[in-house]
Amino acid sequence: MTTTTSSRGRRRAPSRMTRAAGKAANLQKPRVILALLLLGVLTSVMLLDGYLRAEVGGDERIRTGAGSDDVSEEVLGGGPILTFRDGQARSASVPDKTIVLTFDDGPDPTWTPQVLKVLEENGVPGTFFLVGSMVARNPSIVKDLVDQGSEVGIHTFTHVDLSYQSSARVTREVEQTQLALAGAAGITTTLFRAPYSSQPDAIDDYSWPVYKQLGEQGYTSVFVDTDSDDWKTPGVTKIIESATPSSGKGASVLFHDAGGDRSQTVKALPEYIKKMKALGYTFTTVSGATQEARSGTQAADVGAAGAERQANSQQPGGEQTGSPPSGAVRPGAANSLQAAHRTATGATLYEGKALVAAVAVAEWTVPGLAIGLAVVGVAVIGRFGMMLILARRHYRLRNRRRFSWGPTVTGPVSVIVPAYNEKECIANTLKSLAQSTHPIEIIVVDDGSTDNTSEIAESLGMANVRVIRQENAGKPAALNNGVRNARYDIVVMMDGDTVFEADTVEQLVQPFADPKIGAVAGNAKVGNRDTVIGAWQHIEYVMGFNLDRRMYDLLRCMPTIPGAIGAFRREAVLEVGGMSEDTLAEDTDITIAMHRAGWKVVYQEHAKAWTEAPGSLKQLWSQRYRWSYGTMQALWKHRKSLTDKGPSGRFGRVGMPLVVIFQIITPVFAPLIDVFTAYSMIFVDFKSALIAWLAVLAVQLVCAAYAFRLDRERYRYLLMMPLQQLAYRQMMYLVLIHSCVTALTGGRLRWQKLKRTGEVGTPAGAGR
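Reading guide: rules and limits
- Residues numbered from 1 in each chain as written.
- Predicted model: local features only at pLDDT ≥ 70, side-chain atom pairs only at ≥ 80, totals over all residues.
- Heavy atoms only, no water.
- Axes fitted to C-alpha atoms, helices over the stretch in contact; angles between N-to-C directions.
- Helix = DSSP H or I, 4+ residues; strand = E, 2+ residues; numbered from the N terminus.
- Parallel < 35°, antiparallel > 145°, perpendicular 65-115°, else oblique.
- Left-handed = near helix turned anticlockwise from the far one by under 90°.
- Contact = heavy atoms within 4.5 Å.
- Nonpolar A, V, L, I, M, F, W, Y, C, P; charged D, E, K, R; others polar.
- Core = buried A, V, L, I, M, F, W, Y, C linked by side-chain atoms within 4.5 Å.
- Buried < 20%, exposed > 50% of the residue type's maximum accessible area, 1.4 Å probe, protein only.
- Salt bridge = Lys/Arg side-chain N within 4 Å of Asp/Glu carboxyl O.
- 1 Å grid on protein atoms, 1.4 Å probe; cavity = no way out; pocket = protein on both sides within 12 Å on 5 of 7 lines; lining within 4 Å.
- Points joined across faces, edges and corners; volume = space filled by probe spheres on them.

Quick notes on the packing of helix H3 (residues 112–122) against helix H9 (residues 263–278)
Line of reasoning, step 1. Put simply, H3 and H9 touch, their axes get as near as 9 Å, and they point 25° apart. Judged on the interaxial angle alone, H9 and H3 are roughly parallel. Taken as a pair, H3 and H9 cross one another with a handedness that is right-handed. Only Val266, Leu269, Pro270, Ile273, Lys274 and Lys277 of H9 make contact with H3, whose side of the interface consists of Gln114, Val115, Val118, Leu119 and Asn122.
Line of reasoning, step 2. Looking at the contact of H3 with H9 residue by residue, the class counts come to seven nonpolar, two polar and two charged.

A word on the nonpolar core
Line of reasoning, step 1. Met493, Met543, Tyr552, Phe568 and Met594 are the most contacted members of the largest nonpolar core, which totals 60 residues.
Line of reasoning, step 2. Aside from chain neighbours lying at most four places away, what touches Met493 is Ile416, Leu479, Val483, Gly563, Ala564, Ile565, Gly566, Phe568 and Met579.
Line of reasoning, step 3. Ranked by size, the runner-up nonpolar core spans 59 residues in total, among them Tyr51, Leu76, Phe84 and Val359.

Quick word on the pattern of salt bridges
Any two side chains of opposite charge can pair, on the condition that their charged atoms come close.
Line of reasoning, step 1. What the rule picks out here adds up to 21 salt bridges.
Line of reasoning, step 2. With a closest N to O distance of 2.9 Å, Asp553 and Arg398 form a salt bridge. Of the two residues, Asp553 is situated in helix H17 (residues 532–554) and Arg398 in helix H12 (residues 346–399); the sequence distance between them amounts to 155 residues. Neither Asp553 nor Arg398 differs from the other in exposure class; each is buried.

Some remarks on empty space enclosed by the protein
Line of reasoning, step 1. A complete count under the given rule lists four cavities of 30 Å³ or more for this structure.
Line of reasoning, step 2. Roughly 80 Å³ of internal volume is contained in the largest cavity.
Line of reasoning, step 3. Lining the largest cavity are 14 residues, and of these Leu479, Met493, Pro562, Gly563 and Met579 sit closest to its centre.
Line of reasoning, step 4. Counting residues per element, the ones that place at least two in the lining of the largest cavity are helix H15 (475–485), strand E18 (490–494), strand E21 (565–569) and helix H19 (586–596).
Line of reasoning, step 5. Among the residues making up the lining of the largest cavity, the classes are represented as eight nonpolar, two polar and four charged.

Things to note about unusual backbone geometry
Line of reasoning, step 1. In this model, Gly106 is joined to Pro107 through a cis peptide bond whose omega is 0°.
Line of reasoning, step 2. Mapping Pro107 onto the fold places it in the loop between strand E5 (98–106) and H3.
Line of reasoning, step 3. Not every positive phi belongs to a glycine, and Tyr196 is a case in point at roughly 65°.
Line of reasoning, step 4. Along the chain, the position of Tyr196 falls in the loop between strand E9 (191–192) and helix H7 (208–216).
Line of reasoning, step 5. The backbone of Asp229 shows a phi angle near 55°, a positive value even though the residue is not glycine.

Below is the structure:
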């Protein structure tokens with residue numbers, strides 16, 4: 001904050017505007033950061049959900065037909081249980097007359113509970129190889145599974161073929177699954193089964209390094225002796241036949257409890273269990289099978305090797321990278337059917353719980369966002385439809401030959417020009433008014449300018465110009481001062497950087513032939529449209545603001561008279577208390593107040609004003625931030641109109657919801673369209689997402705082209721629209737989110753002066 005010093009050397013207190021600017025600067029930065037943080041959280045949640053569904057980082061490649069020259073014959077011809085101890089691969093087989101029921105790809109909220117029920121009813125355990133992303137999404141099922149006495153193993157986090165992945169990705173897949181298990185059931189495991197694996201003789205030179213890497217980290221890899229082929233849904237009889245081992249041999253039997261319709265699996269399981277029991281088979285887990293094989297080496301490979309390696313490993317926070325999180329064998333699990341389980345402790349436990357909690361948030365948030373996206377999409381398309389239909393009707397109504405507002409208004413009017421440091425623009429503004437075809441008096445209210453604005457106005461020597469000086473008090477106070485000093489019943493308000501055409505005032509005041517009309521909105525145009533930022537704003541003014549005003553005019557709920565060009569009955573302004581300083585959007589505030597007082601507010605498209613739009617992104621952000629936040633303030637101030645009766649209630653129940661839906665809620669959530677589109681292009685289906693985005697762009701181009709046609713604008717500016725959708729629109733979203741954050745956190749801002757260049761001169765060249 002700066003202070004000024006008088007000629008006598010005494011320090012003078014900062015002006016009101018200086019203090020306001022300092023407060024605004026202090027308020028904006030943290031709220032901008034918070035707005036960006038919210039978008040960052042949204043993006044992170046979507047990426048997490050996409051990762052869980054294998055959309056982010058997914059890899060659908062499956063290797064087939066590779067050689068196995070690097071794999072020993074002992075492994076290829078060995079049993080389905082593979083361990084590495086002291087760097088040596090050892091295989092173990094399931095004892096004869098023993099079945100290890102294994103289930104892949106779960107847990108599934110539909111099928112896994114049904115499988116567990118069948119196992120419980122028949123008194124047999126199972127070994128479930130779980131996908132980490134499914135564990136994180138269905139933690140309660142995993143806990144039930146462990147509590148019931150079944151054993152769990154790792155089936156990677158995203159179900160990828162690890163033979164295509166780097167060593168780091170392999171480690172990450174198992175570590176993330178361990179965290180999910182820790183968060184879901186408080187355990188980790190030493191069992192592992194690779195996706196797309198089968199019998200040991202299918203190990204190839206690409207998958208072998210993966211098994212060696214994990215084996216050296218203490219994992220036991222489990223393969224298949226007998227595949228039920230239930231994933232092919234061949235029928236219950238065929239599933240039972242395929243799952244039955246030959247000649248009384250023991251077997252690791254593969255079923256699936258997820259990955260598709262598993263109704264045939266659920267029906268086949270009880271029949272299969274009864275059949276195998278009748279044949280003298282017993283059922284156990286992988287750990288149970290290894291303990292039954294009492295031949296020393298086999299038992300040591302699976303039970304002792306895993307326990308010893310875990311005991312010698314370091315705990316999380318000092319753990320050996322990639323190794324199964326160590327810890328005590330679960331109480332009651334040693335030498336039992338769950339010997340592969342370890343109790344999760346320390347950082348592993350808490351990180352796991354955090355992962356499960358984050359996934360739960362994503363599971364609720366992303367579907368909610370998808371619903372929001374659908375609602376926003378419908379609202380956006382509905383708005384476009386309403387604008388096109390009502391704008392066309394408005395244009396035909398106001399441009400038909402016999403249309404008339406009533407008797408021609410010819411009486412003089414007062415034009416009020418509030419000015420604060422407008423030395424670059426004030427001369428052009430007053431010279432344009434001098435060309436007016438309608439009799440006017442011009443009142444320039446100098447709001448404490450420090451740049452000779454008033455002197456420039458007086459130096460023009462215009463007889464119908466009065467300059468009123470006041471201490472800096474803000475735009476509303478300047479306008480009120482002008483209204484009090486106006487000689488005529490109709491007052492036209494404009495900005496100090498705006499240029500009128502010769503017939504602007506004449507066109508603007510004609511609606512006052514209707515005594516019920518209290519205010520008229522003019523057609524504001526962007527004068528400095530030859531820059532990229534100016535062209536973007538030009539499109540927005542024509543398509544958004546002016547097309548919207550046509551719609552609101554017909555619905556009799558015009559929410560805003562633009563500050564650049566508006567006309568009012570003086571008595572109506574005084575009746576509602578003048579321009580209020582309660583909000584930053586005094587134009588919206590007084591417009592709503594007039595509706596509530598029973599006055600009609602209309603749009604006059606033929607009254608054109610050329611205004612200087614912000615020339616930099618920083619100035620644009622500042623302006624739109626003030627507009628958005630001020631609109632919210634005005635809506636909140638007049639919230640009682642929702643329950644009022646009469647004209648006030650009509651605006652509250654028609655205009656207020658439309659403004660809230662179309663100018664606040666829809667734009668706030670509109671980034672969902674872009675976020676989902678970008679997400680789909682990168683991680684899901686680029687072509688389909690691109691086609692959808694181009695379709696939405698085409699709809700917007702049609703609306704914009706029609707708006708340009710109604711305003712008789714040149715179409716060449718529409719070439720900037722695709723780029724506008726990629727950059728400008730996102731900025732406007734952030735501004736609105738920033739404004740919402742400010743409103744929710746109770747911030748209050750004052751008027752912010754924009755830097756002017758004075759480049760908007762006579763309108764003759766502005767329309768090209």
